[in-house]
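# Remarks on the overall topology
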Amino acid sequence: MQVNDWNDYRAFIVVAQTGQIARAAKKMGVDATTVGRRIRRLESQIGYTLFEQTREGQAVTQAGEKLLNAIEVMAAAADAVQPTAPRGSGPSGTLRISVSEGFGSWFLTQHVPQFVERYPELQLEIVASSGFLSPSKREADIAVVMSRPKAGHVIAQKLSSYQLRLYASKSYLARNGQPTRLKELGNEYHLIGYIPDLVYAPELNYLDDLVPGLTPDIRSSSIIAQHRLVAVGAGIGVLPCFIGDTDDTLTSIFPESTINRNFWLVTHKDNRSLERIKAGKNWLMQITRQNAELLNPAVATASVA
């Protein structure tokens, strides 16, 4: 059956993007009852269920996913034929970016003023936590992850390489002396690292890259907490260089023993051409390119060589 009210489609898109009727209602400036009524009416007219109720909110069904792909194409086409926007305007709406805790909290946030100045009509959401939201499931518009996805309706491209090293506070080394061999770390020195059964990405199991079987005796699921533990002199830990090298209280030890990893930029195939997502991708690519030497000091070494 034909759906006559485009607002029903719009409600569907916003609920799919936000994952909750309540969030969608707030974003649209209406009450949740109105959004729920629009979704039910749309489902009644098209003849199938669009969402499944979960503990977190509303998850798009397989049938709903197909409709969403088609509707987003229609929405993008409609945006393209709108009259020219006033000078100084740009993409609008909400842009949700899922990133690792360290990259998001330590690196990305310092560049946000630049983003909001450039795109004043965009509402930016940075989800920086232990774990990633999935663009494939439309939990996020953009995800910056540590490994290239092997499945899902997504497009991935390398964003940046980054490097990790061992760090200790100057006060800790003054009390305990400088280690001379990596194998000493698990015996004569306290070693800080992740909790093994709470590691959310295999790329974080990097101690074996230094010494096979090396095990931390002070553990946290948070890289920010690990940095604080190193900074207050609790022990020695592996930190991304974009954290460790910017803290003047820390010293890099065994600087030749580096760990190399990559960040991948991931978006859903069907919405990658949306203006807000293109704006987010361009911003991420620009700031990582401008700060390549901070993320990976080997870049500076290579350029000198």
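Whatever comes next refers back to the structure up there.
In this report, we go over the structure that sits alongside the text. Computed from a predicted structure; not experimentally measured. (Residues numbered from 1 in each chain as written. Predicted model: local features only at pLDDT ≥ 70, side-chain atom pairs only at ≥ 80, totals over all residues. Heavy atoms only, no water.)

### Quick look at the overall build of the chain
When you go through the chain residue by residue, the secondary structure sums to 13 helices and 11 strands. Dimensions of the chain along its principal axes, counting C-alpha atoms only, are 75 × 45 × 30 Å. Evaluated residue by residue, the chain yields a buried proportion of 48% over its 305 residues. Contacts spanning at least 24 positions in sequence make up 75% of the contacts within the chain whose residues lie at least 6 apart. In the form shown here, the chain has an accessible surface area of approximately 15,500 Å², with 50% of it arising from carbon and sulfur atoms. One finds the centroid of the 32 positive side-chain charges in the chain at a distance of 4 Å from the centroid of its 29 negative side-chain charges. (Helix = DSSP H or I, 4+ residues; strand = E, 2+ residues; numbered from the N terminus. Buried < 20%, exposed > 50% of the residue type's maximum accessible area, 1.4 Å probe, protein only. Contact = heavy atoms within 4.5 Å. Areas by Shrake-Rupley, 256 points an atom, 1.4 Å probe, with all protein chains shown as cover. Lys, Arg positive; Asp, Glu negative; His and termini not counted. Charge placed at Lys NZ, Arg CZ, Asp CG, Glu CD.)

### A word on the nonpolar core
Among the nonpolar cores identified, the biggest contains 58 residues, and Phe103, Leu166 and Leu284 are the most heavily contacted of them. When residues of this core are assigned to their parent elements, the largest contribution, six residues, is made by strand E6 (residues 154-169). Ignoring any residue separated from it by four or fewer positions in sequence, one finds Phe103 in contact with Leu108, Val144, Leu159, Phe242, Phe263, Thr288 and Leu295. Counting 18 residues, the second-largest nonpolar core is a separate cluster that includes Phe12, Ile13, Val14 and Leu68. (Core = buried A, V, L, I, M, F, W, Y, C linked by side-chain atoms within 4.5 Å.)

### Looking at the side chain of Glu43
Mapping Glu43 onto the fold places it in helix H3 (residues 32-46). Although Glu43 is buried, it forms no salt bridge, and the closest oppositely charged side chain is Arg40 at an N-O distance of 7.0 Å. Apart from the residues lying within four places of it in its own chain, the contact partners of Glu43 are Tyr48, Thr49, Leu50 and Phe51. (Salt bridge = Lys/Arg side-chain N within 4 Å of Asp/Glu carboxyl O.)

### Some remarks on the packing of aromatic side chains
The relative placement of two aromatic rings is captured by the distance of their centres and the angle of their planes. In this structure the tally under the stated criterion is 12 aromatic pairs. Measuring from ring centre to ring centre gives 4.7 Å for Phe115 and Trp283, while their planes differ by 50°; the resulting arrangement is tilted. Linking Phe115 in helix H6 (residues 112-118) with Trp283 in helix H11 (residues 275-290), this pair joins segments that are 168 residues apart in sequence. Taking the relative accessible area as the measure of exposure, Phe115 reaches 0% and is therefore buried. (Phe/Tyr/Trp six-rings, centres within 6.5 Å; stacked < 30°, edge-to-face > 60°.)

### Focus on the packing of helix H2 (residues 21-28) against H3
In the contact formed by H2 and H3, the axes pass within 8 Å of each other and the chain directions differ by 110°. The angle between H2 and H3 places the two elements in the roughly perpendicular class. Here H2 contributes Ile21, Ala24, Ala25 and Met28 to the contact with H3, which in turn contributes Ala32, Val35 and Gly36. Of the residues in the contact of H2 with H3, the class split is six nonpolar, one polar and no charged. (Axes fitted to C-alpha atoms, helices over the stretch in contact; angles between N-to-C directions. Parallel < 35°, antiparallel > 145°, perpendicular 65-115°, else oblique. Nonpolar A, V, L, I, M, F, W, Y, C, P; charged D, E, K, R; others polar.)

### As for the pattern of salt bridges
For the structure on display, the rule yields seven salt bridges. The salt bridge partner of Arg41 is Asp8, with a shortest N-O separation of 2.8 Å. Remark: Asp8 occurs in helix H1 (residues 6-18) and Arg41 occurs in helix H3; sequence separation between them is 33 residues. Salt bridges here are not isolated pairs; linked through shared partners, they connect Asp8, Arg38 and Arg41.

### Let's talk about the environment of Gln163
Note that Gln163 resides in strand E6. Given the relative accessible area of 4%, Gln163 is considered buried. Separated by 122 residues in sequence, Gln163 and Met285 have C-alpha atoms that sit 17 Å apart. Sequence-distant contacts of Gln163, defined by excluding residues within four places in its chain, comprise Leu239, Pro240, Cys241, Thr258, Ile259, Asn260, Leu295, Asn296, Pro297 and Ala298. Side-chain polar atoms of Gln163 contact the side chain of Asn296, separated by 3.4 Å. (Polar contact = N/O pair within 3.5 Å; in protein donor to acceptor, adjacent residues only side chain to side chain.)

### Looking at H3
Taking 1.5 Å as the rise per residue, H3 with 15 residues should run 21 Å; its terminal C-alpha atoms sit 21 Å apart, in good agreement. Of the residues making up H3, those classed as buried are Thr34, Val35, Gly36, Arg38, Ile39, Leu42, Glu43 and Gln45. A distance of 3.1 Å separates the backbone nitrogen of Thr33 from a side-chain oxygen at the start of H3, and that oxygen is part of Asp31. Just beyond H3, the residue with positive phi is Gly47, at close to 90°. (Expected span 1.5 Å × (residues − 1).)

### What to know about the packing of H1 against H2
Each pair of packed helices can be summarised by the angle the axes make with each other and by the distance between the axes. Running from N to C, H1 and H2 cross one another at 120°; their axes reach a closest spacing of 8 Å. Classified by the interaxial angle, the pair formed by H1 and H2 is oblique. Read as a crossing pair, H1 and H2 show a hand that is right-handed. In this structure, H1 contributes Arg10, Ala11, Val14, Val15, Gln17 and Thr18 to the contact, and H2 contributes Ile21, Arg23, Ala24, Lys27 and Met28. (Left-handed = near helix turned anticlockwise from the far one by under 90°.)

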